[in-house]
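Coordinate analysis (summary)
Chain residues, written in single-letter form:
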Amino acid sequence: MTSGRQRRRVVPDFMAAAKLAVPEQINVERTTLVSVAPEVVPDALDPPGVHLVNLLKEGPLSVYECAAHLGLPYCVVRLLVAGLAASGTLLTRDPPRADGPDLEILELVLSGLRAL
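Described below are features of the structure shown in this document. What you are looking at is a predicted structure, and each value in this text was computed from that prediction instead of being measured. (Residues numbered from 1 in each chain as written. Predicted model: local features only at pLDDT ≥ 70, side-chain atom pairs only at ≥ 80, totals over all residues. Heavy atoms only, no water.)

**Notes on the sheet that holds strand β2 (residues 61-62)**
Spatial strand order, β2-β1-β3: 3 strands in an open sheet with antiparallel pairing. Taken across any chain shown, the strands that pair with only one partner, and hence form the sheet edges, are β2 and β3 (90-93). Direction of pairing for strand β1 (residues 33-36) relative to β2: antiparallel, over a ladder of 2 bridges. From the neighbouring strand, L33 faces β2, where its bridge partner is S62. (Pairing = 2+ DSSP bridges. Helix = DSSP H or I, 4+ residues; strand = E, 2+ residues; numbered from the N terminus.)

**Overview of the nonpolar core**
Counting residues in hydrophobic clusters, the biggest one holds 16 residues, and the most contacted among them are L52, L56, V81 and L90. Looking at this core element by element, the count peaks at 6 residues for helix α4 (residues 74-86). Excluding residues within four positions of it along the chain, L52 makes contact with C66, L70, L80, V81, L84 and L90. (Core = buried A, V, L, I, M, F, W, Y, C linked by side-chain atoms within 4.5 Å. Buried < 20%, exposed > 50% of the residue type's maximum accessible area, 1.4 Å probe, protein only. Contact = heavy atoms within 4.5 Å.)

**Some details on the packing of aromatic side chains**
Scanning the model with the defined rule gives 1 aromatic pair in all. Each ring, one from Y64 and one from Y74, has its centre 5.5 Å from the other, and the planes form 75°; the classification is edge-to-face. Remark: Y74 occurs in helix α4 and Y64 occurs in helix α3 (residues 63-70); sequence separation between them is 10 residues. Look at Y64 and you get partly exposed, because its relative accessible area is 45%. Sitting above the plane of the Y74 ring, R30 keeps its charged end 4.9 Å from the centroid. (Phe/Tyr/Trp six-rings, centres within 6.5 Å; stacked < 30°, edge-to-face > 60°. Lys NZ or Arg CZ within 6 Å of the ring centre and 35° of its normal.)

**Thoughts on the side chain of T32**
Structurally, the position occupied by T32 is in the loop between α1 (13-18) and β1. On the basis of relative accessible area, T32 is assigned to the buried category, the value being 2%. Among the polar contacts listed, one links the side chain of T32 to the backbone nitrogen of E29, at a separation of 2.9 Å. If we ignore the near neighbours within four places in the chain, the residues touching T32 are N27, L61, S62, V63, T92, R93, D94 and P95. (Polar contact = N/O pair within 3.5 Å; in protein donor to acceptor, adjacent residues only side chain to side chain.)

**With respect to the pairing of β1**
Of the strand pairs in this sheet, β1 and β3 are connected by 4 bridges, and their pairing is antiparallel. The residue of β3 that forms the bridge with V36 is L90.

**Here we look at the packing of helix α2 (residues 47-56) against α4**
Running from N to C, α2 and α4 point in directions that differ by 85°, and their axes come no closer than 11 Å. Looking at the two axes, α2 sits roughly perpendicular to α4. Where α2 abuts α4, its residues P48, G49 and L52 lie against L80, V81 and L84. (Axes fitted to C-alpha atoms, helices over the stretch in contact; angles between N-to-C directions. Parallel < 35°, antiparallel > 145°, perpendicular 65-115°, else oblique.)

Function cannot be inferred from these measures alone, as they are strictly geometric.
Next comes the structure, spelled out in C-alpha cells:
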C-alpha cells in the first residue's frame, strides 16, 4: 500500500529544463561579478539562460543581484552561472577588493566613544 503523498523530484523543474552541465568545481560566489561574453547568441540558450543573458546586457551584476532580479534562489542562479561560464557564454570575475579601513580614524572614533 502506498501513501497518499507523491514523490517529489530531486531536481526542481526549472533546473531540469535548463539541461546544464554543471562543472565539478564551482568558483562562483555571491559577490562574483557576471557579464556576457562577446558575440553570444542568446537564442541558442534555454529559457533560464536567455533571461540571465538579457538581464546582463546592460552591464555586469553580482550573482546575488541576478538572483534577486530573476526571482530565483541564489543556489539555483549560482549553478546556472557556473554552467554558462563553463560553456563560455558568461564571464565571471571576483569583485574588486576594497581597501581596509583607516586605523587612525578608527582609533579616533574609539577614543570618542570612550569619552562618552
